[in-house]
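Reading the structure
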Amino acid sequence: MQFIEKVAERLAVETFEQAQAIGDQDLVEHVGKSIGASSTTLEEAYFTCIRYLRAEARAIEAREAYVERRAAAAAKAVADGEAPAVREPDTAS
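The paragraphs below set out a description of the structure included in this document. These numbers come from a predicted model, not from an experiment.

Another point: the environment of R51. Structurally, R51 can be placed in helix 3 (residues 40–79). In sequence terms R51 and I4 are 47 residues apart; their C-alpha atoms lie 17 Å from each other. At 2.9 Å, the side chain of R51 forms a polar contact with the side chain of T48.

What follows is the structure, given as structure tokens:
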């Protein structure tokens, strides 16, 4: 990884985590603008990292919601005296 990517990643991860902790995503934009005032290349790398972090967070939320729904459906089926639905893994690739 090149120096600029390391710096951008570190800034993005730290800023993203701080923004999550305080519940204010404007921090991400504020830091990005500050970076851009000095280096548009670093700004671009920073916002790329931010997009990846946001996509990861959305994917984790979607996965957890899916698993919660499936677990709730299975628990309801068991409580109703039914066998929970089990989907066979897709082996066609």
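With the rule as written, the count across this model stands at 2 salt bridges. K76 is paired through a salt bridge with D80; the nearest N and O atoms lie 2.8 Å apart.

If you want to describe how two helices pack, look at the angle between their axes and the distance between the axes. It is the contact of helix 1 (residues 3–22) with helix 2 (residues 26–36), at a shortest axis distance of 9 Å, that shows an interaxial angle of 150°. With respect to their mutual orientation, helix 1 and helix 2 come out roughly antiparallel. Residue-level inspection shows L11, T15, Q18, A19 and I22 of helix 1 in contact with helix 2, the latter providing L27, V28, V31 and I35. Grouping the amino acids of the contact of helix 1 with helix 2 by side-chain chemistry returns 7 nonpolar, 2 polar and no charged.

Where helix 2 meets helix 3, the closest approach of the two axes is 7 Å, and the angle between their N-to-C directions is 160°. The orientation of helix 2 with respect to helix 3, classified from their angle, is roughly antiparallel. Of helix 3, the residues touching helix 2 (which contributes V28, E29, V31, G32, I35 and G36) are T40, L42, E43, Y46, F47, I50 and R54. Split into classes, the residues belonging to the contact of helix 2 with helix 3 amount to 7 nonpolar, 3 polar and 3 charged.

Conventions used here
Residues numbered from 1 in each chain as written. Predicted model: local features only at pLDDT ≥ 70, side-chain atom pairs only at ≥ 80, totals over all residues. Heavy atoms only, no water. Helix = DSSP H or I, 4+ residues; strand = E, 2+ residues; numbered from the N terminus. Polar contact = N/O pair within 3.5 Å; in protein donor to acceptor, adjacent residues only side chain to side chain. Salt bridge = Lys/Arg side-chain N within 4 Å of Asp/Glu carboxyl O. Axes fitted to C-alpha atoms, helices over the stretch in contact; angles between N-to-C directions. Parallel < 35°, antiparallel > 145°, perpendicular 65-115°, else oblique. Contact = heavy atoms within 4.5 Å. Nonpolar A, V, L, I, M, F, W, Y, C, P; charged D, E, K, R; others polar.

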